[in-house]
Amino acid sequence: MSRDPSHDILFDTIEIGPKRMKNRFWQTTHCMGAGSERPGTQAHFRGMKAEGGWGTVCTEYCSVHPESDEYPWTSARLWDEGDVINLGYLCDIAHSHGALAGVQLWYSGIHAINMESREVPRGATQLSSNVWSSRTVYAAEMDEHDIQAVINMYVEGAKRAEAAGFDILEVSGGDSTLPVQFLERRYNKRSDKYGGSFENRARFYLELMTALKQACGDSCAVTTRFEVDTLMGADGIQATDEGIRFVELLSKEGVCDLWAVKIGDYEEWGEDAGPSRFRKSGWMTPFVKQVKGVVGDTPVVVNGRFTSPDDMVALITGGVADIIGGARPSIADPFLPKKIEEGRLDDIRECIGCNMCVSKFVQIGQLQCTQNATAMEEYRRGWHPEKFDKTESPCSVLVVGGGPAGMECARVLGERGYDVHLREAEDALGGHWKDVVRMPRLEEWARVITYREAQLAKLKSVEVHLGVGEMSADHVLSYGADKVVIATGARWLGDGMSPLGHAPIPGADAAAPYCLTPEQVMAGKEVPGGRVVVVDGDGHFTAIALAEMMADQGKEVTYVTCMAEVSEYGAFTLDLFNNKRMLQEKNIAHHRDTWVESITADSITLYNIYRQGPDLHDPVAGESPRNQSTKTLELPCDAAILVTSRASNDALYRELKARRGEWAAQEIQDIYRIGDCHAPRQALNAIFDGHRLAREFDSPHPQYPLPWIRERQIWQAETYPKLGDARPNIEPEP
Ligand SMILES: Cc1cc2nc3c(=O)[nH]c(=O)nc-3n(C[C@H](O)[C@H](O)[C@H](O)COP(=O)(O)O)c2cc1C
Ligand code: SF4
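How each quantity is defined
- Positions within a chain are numbered from 1, following the residues in the order the chain's sequence is written.
- Here every chain gets a letter starting at A, and every ligand a number starting at 1, in the order they are written.
- At least 70 in pLDDT is required for a residue's local features to be given in this predicted model, at least 80 for side-chain atom pairs to be given and counted, and no such filter applies to totals for whole chains, interfaces and linings, which use all residues.
- Side-chain metrics rest on all non-hydrogen atoms present in the structure, leaving aside hydrogens and water.
- Here a helix means four or more residues in a row that DSSP labels H or I, a strand means two or more in a row labelled E, and each is numbered from the N terminus.
- Whether a residue is buried, partly exposed or exposed follows from its accessible area with a 1.4 Å probe, protein chains only, as a fraction of its type maximum: under 20%, in between, or over 50%, in that order.
- By definition, two strands form a pair when at least two bridges between them are found by DSSP.
- Fitted lines through C-alpha atoms serve as axes, helices being fitted only where they are in contact, and the angles separating the N-to-C directions of these axes extend from 0 to 180 degrees.
- Any pair of Phe, Tyr and Trp rings, taking the six-membered ring for Trp, is counted once the centres come within 6.5 Å. Such a pair is stacked with planes under 30 degrees apart, edge-to-face with planes over 60 apart, and tilted for the rest.
- Here, over-ring charges are defined by two tests on the NZ atom of lysine or the CZ atom of arginine: distance to the ring centre within 6 Å, and angle to the ring normal within 35 degrees.
- For each residue, the test is whether any non-hydrogen atom lies within 4 Å of the molecule or strand; if one does, the residue is near.
- Think of a 1 Å grid over just the protein atoms. A cavity is a set of points where a 1.4 Å probe fits yet cannot get out, a pocket is an open set with protein on both sides within 12 Å along at least five of seven lines, and lining residues have an atom within 4 Å of a point.
- For this analysis, a molecule is said to be in a pocket or cavity if more than half of its atoms are within 2 Å of the grid points defining it.
- Asp, Glu, Lys and Arg are counted as charged, while Ala, Val, Leu, Ile, Met, Phe, Trp, Tyr, Cys and Pro are counted as nonpolar; the rest, among them Gly, fall into the polar class.
- What qualifies as a polar contact is a pair of N or O atoms within 3.5 Å, subject to a donor-acceptor requirement within protein and to the restriction that residues adjacent in sequence count only when both atoms come from side chains.
- In this description, accessible areas are obtained by the Shrake-Rupley approach with a 1.4 Å probe, and a residue is regarded as covered only by the protein chains that are shown.

Caption draft 1: Focus on unusual backbone geometry. The linkage connecting Y71 with the following residue, P72, adopts the cis geometry, with an omega of 5°. As for its position among the elements, P72 is in the loop between β4 (56–63) and β5 (76–77). Note the cis peptide between Y720 and P721, where omega equals -10°. In this structure, P721 sits in the segment after α21 (683–695). The phi dihedral of R118 is positive, around 60°, even though this residue is not glycine. Tracing the backbone shows R118 in the loop between β6 (100–106) and β7 (122–123). Look at R118 and you get exposed, because its relative accessible area is 74%. A positive phi angle is found at H502, which is not glycine, with a value near 45°.

Below, the structure is given as structure tokens:
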């Protein structure tokens, strides 16, 4: 297939300072958990995007000096020769695919927690960090000497970046970093020439860009990532006021080769990396458009979960931006530009905006993606998102269950040349995900199903059988497949069993009319009366979504969770604050640190899980050593929705395993289980499980993952720096 001519504009070359980008696809700065510490993972992850056609691939935020360190979160770093070597590998791979390599120069000022370096950061004003409010994080207020020293740190970092091979030096002026702390009134309380008036507050950022341009501007593009609006109204930076005045100032001075624009600040970076529950594709466009309006020919990058080439073209022809940025779209599909170029739009694996990628990084892990099981596995497992080793021992495989894990497993088995039958009891593919995508705000998540459905339909070696009802063990054994994969999912428990105490709730029984599981709600079981309590022992999206659904149906809703936060996992996916705003807006009462003592047909009795008090008594057999307390809160209620915990639908697998003696007679070589049937889990892990099994299907024991490459320092290898090495001098000349 060839590219649709209406998309040609996306493949124009773009000049960025002294560099030329081969098209308009820019993989925007985003963290992933490898930094400079795991060079193979970093380089092959970014390199895959370069191979997939992104004209520029950027690192995550990259510390220019140990005074700004966010350990244990893994940023890139440009502190010494070791980092130059490690990040140099990324540049080499990016260049080998014709892409430019960008690095985001980062100094966090008053938000630098410095848990590794233990150094004291410098800031515009000595204030307590509002990002890490409880951690006693302050900076030392900078005098003019410090200002020059910090600019020198950036310049030293930039020179190391240049030595590593980077083409683009992007100053982070987003996520409330130091340049923004100078610019923004709420961080800058100075009364010298760096504080007070707008011009004074802009001075540090301007001097920094000027210094970088002078030091590296002939060979590298010097650009910035700027938060043009902090969404705080007149208290912060506004796109219609100081945000745009700053863009004009830097443009006039000619010290910025490209603007990559974002909104929001570090406390609430979910306004930038907006989850699809609250932000639809393109939500930043009105802000970015202001920037393009004042920078003339200087290129502007726009982000906003863009996956449709038509939308991308409209952004360019509509004068919003020159370059299409993609952080999450490039994670979900590193080959997005190539697929547009080749006119293979059906094959685009669109990001669903679930922010599971963010959530893994926020938990100090490494990025993972719901849509792309190969993300971060490029180096350590050698997986390519578009290439699959053909099997040398093709055989027939029966996959039982067409939920996310079963679909993914069947897809990859089909790509590998196995003869696959995917059998789904219901009339449509998707399993429990079909319910999920009908809950409020989750419609974009349907792409998990639609992408796989479309891919399966193209695979000649996969037959999909729908509406075939649940398979019995006898049927599986006599089906005629060489190998079997059981992917029968999981179900919500109807007795209120939860992580708290691992005990059912007295009176909870989904067989009663007044108790419902999420599946029952979505299957249309009547929710009686006007007062509903949603009981959340799960902490992810299901309970909060059902609470909103009930409120939208006009019910009086109370949300109860044993956890410290409403929909606690939302803190990791950056949904938390808007979840709270939604509860306020829809008058949904909520109780945290609270659980359920009992449920009846007309009431629910709640208790605070810390009601027993802090003191311990001497131990007495059969008694709790804490103070006894029977404090409760009884709420009248007509229905309780139990989102408490799940259990695998593994009865079929267990029966088949128990009948292992019959397999040989039926010529069955092996039977595996994947996804929620193995253990209930987040969808991305279920999908990964199906993908991994299929990738390793011809290994000796496919149920067990093969070893992967573990990047770590091996004892006695050389270290950078060595004890006793000097640091580059960043002190200004006297
Ligand atoms: C996992 C993750 C990490 C991110 N890390 C950074 C970062 O280090 N620096 C930065 O400026 N933006 C960072 N961002 C924000 C993105 O660059 C981008 O502005 C945002 O995700 C919206 O673009 P998108 O819709 O194309 O994903 C990150 C986003 C994600 C998803
Ligand atoms: S994890 Fe979700 S939000 Fe992140 S890139 Fe993948 S699909 Fe998109």
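So that's the structure; there's more coming.
Caption draft 2: Broad picture of the sheet that holds strand β23 (residues 594–599). Pairing is antiparallel across the open sheet formed by three strands, whose spatial order is β23-β24-β25. If you trace the sheet from one side to the other, it starts and ends with β23 and β25 (633–636), each paired once. In this sheet, neighbouring strand axes are inclined to one another by 30° on average, regardless of whether the strands run parallel or antiparallel. Pairing of strand β24 (residues 603–608) with β25 involves four bridges; the strand directions are antiparallel. Looking at β25, one finds that S603 is bridged to P636.

Caption draft 3: Up close: the packing of aromatic side chains. One pass over the structure, following the stated rule, counts 20 aromatic pairs. Ring geometry for Y61 against F361: centres 6.5 Å apart, planes inclined by 85°, an arrangement best described as edge-to-face. Residue Y61 is located in strand β4, and its partner F361 is located in helix α11 (residues 356–362); the two are separated by 300 residues in the primary sequence. The exposure class of F361 is buried, given its relative accessible area of 7%. Aromatic side chains Y205 and F226 sit 6.1 Å apart centroid to centroid with 70° between the ring planes, which places their arrangement in the edge-to-face category. Linking Y205 in helix α5 (residues 198–216) with F226 in strand β10 (residues 221–229), this pair joins segments that are 21 residues apart in sequence. Among the residues examined, F226 registers a relative accessible area of 0% and is labelled buried. Put simply, the rings of Y205, F226, F246 and W259 touch in pairs and so form one group of aromatic residues. R245 extends its terminal NZ or CZ atom over the ring of F198, reaching a point 4.3 Å from the ring centre.

Caption draft 4: Representation of the site of ligand 2 within the structure. Taken together, 13 residues sit near ligand 2, with C351, C354, N355, C357 and C369 positioned nearest. The cavity that encloses ligand 2 is the largest cavity. Those elements that provide at least two residues to the shell around ligand 2 are α9 (328–332) and α11. Its residues assigned to classes, the shell around ligand 2 comprises seven nonpolar, five polar and one charged.

Caption draft 5: Examining the environment of A215 more closely. Position of A215 among the secondary structure elements: in helix α5. For A215, a relative accessible area of 34% corresponds to the partly exposed category. Separated by 59 residues in the primary sequence, A215 and E156 have C-alpha atoms spaced 9.3 Å apart.

Caption draft 6: Quick peek at the site of ligand 1. Around ligand 1 there are 22 residues in total, and T29, R225, D272, R305 and R328 lie nearest to it. The contact in question runs from an oxygen atom of ligand 1 to an N or O atom on the backbone of T29, over 2.6 Å. In this structure, R328 approaches ligand 1 through a side-chain N or O atom, which is 2.8 Å from an oxygen atom. Relative to its free-state accessible area of 610 Å², ligand 1 is covered by the protein chains to the extent of 99%. Residue classes in the shell around ligand 1 are distributed as nine nonpolar, seven polar and six charged.

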